[in-house]
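Examination of the molecular architecture
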Amino acid sequence: MASSKDYLDYVMNQLSPLSGITYRPMMGEYILYCEGRIFGGIYDDRLLIKPVKAAVEAMPEATYELPYEGAKEMLLADNLDDSDALCAMVEAMYPQLPEKKQKRK
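The rules behind the values
- Residues numbered from 1 in each chain as written.
- Predicted model: local features only at pLDDT ≥ 70, side-chain atom pairs only at ≥ 80, totals over all residues.
- Heavy atoms only, no water.
- Helix = DSSP H or I, 4+ residues; strand = E, 2+ residues; numbered from the N terminus.
- Rg over C-alpha atoms; globule rule 2.2 N^0.38 Å.
- Contact = heavy atoms within 4.5 Å.
- Areas by Shrake-Rupley, 256 points an atom, 1.4 Å probe, with all protein chains shown as cover.
- Lys, Arg positive; Asp, Glu negative; His and termini not counted.
- Charge placed at Lys NZ, Arg CZ, Asp CG, Glu CD.
- Core = buried A, V, L, I, M, F, W, Y, C linked by side-chain atoms within 4.5 Å.
- Buried < 20%, exposed > 50% of the residue type's maximum accessible area, 1.4 Å probe, protein only.

Examining the overall build of the protein chain
When its secondary structure is counted, the protein chain shows three helices and six strands. Moving toward the C terminus, one meets the helices and strands of the protein chain in the order α-β-β-β-β-α-β-β-α. Its C-alpha atoms give the protein chain a radius of gyration of 13 Å, within 12% of the compact-globule value 13 Å for 105 residues. Dimensions of the protein chain, computed from the C-alpha atoms along their principal axes, are close to 40 × 30 × 25 Å. Looking at the protein chain alone, contacts between residues at least 24 apart form 53% of all its contacts between residues at least 6 apart. Carbon together with sulfur atoms contributes 52% to the accessible area of the protein chain, which is approximately 6,800 Å² in total. Separation of charge centres in the protein chain, based on 12 positive and 17 negative side chains, amounts to 16 Å.

Observations regarding the nonpolar core
Among the nonpolar cores identified, the biggest contains 28 residues, and Leu-15, Phe-39, Leu-47, Ile-49 and Met-93 are the most heavily contacted of them. Take this core: its biggest share by element is five residues, from helix H3 (residues 83–93). Apart from the residues lying within four places of it in its own chain, the contact partners of Leu-15 are Ile-21, Phe-39, Leu-86, Cys-87 and Val-90. Of all hydrophobic cores here, the second largest spans six residues; its members include Ile-31, Tyr-33, Met-74 and Leu-76.

Concerning unusual backbone geometry
One can expect most non-glycine residues to show negative phi and most peptide bonds to be in trans. At Glu-35, a residue that is not glycine, the phi angle is positive and equals roughly 50°. Residue position: Glu-35 is located in the loop between strand E2 (29–34) and strand E3 (37–43). We note that Asp-44 has phi near 50°; this positive angle belongs to a residue other than glycine. Assignment of secondary structure puts Asp-44 in the loop between E3 and strand E4 (46–49). For Asp-44, a relative accessible area of 28% translates into the label partly exposed.

Below you can see the structure in the form of structure tokens.
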């Protein structure tokens, strides 16, 4: 099942206080970036977050879910109504996220 553009728009609106938040469509889903670093994605109208230390600490009760078959588990962000908390978590995650991979020449 592909994610809806309406859900993407809602998530992007909740993250709008942060600069540098972008997305890329990928096979009916959306990969989310903070300043070029992947921090999560929207899969089947669910916001899933990379389970880095800051995210685990911000959402200690979050469940781990698979974005798709064969993928690594990610944290389900289920309280999207709290934009401030969501933005604070993404900001705290940024230094813990892997840097963007450089393309080979």
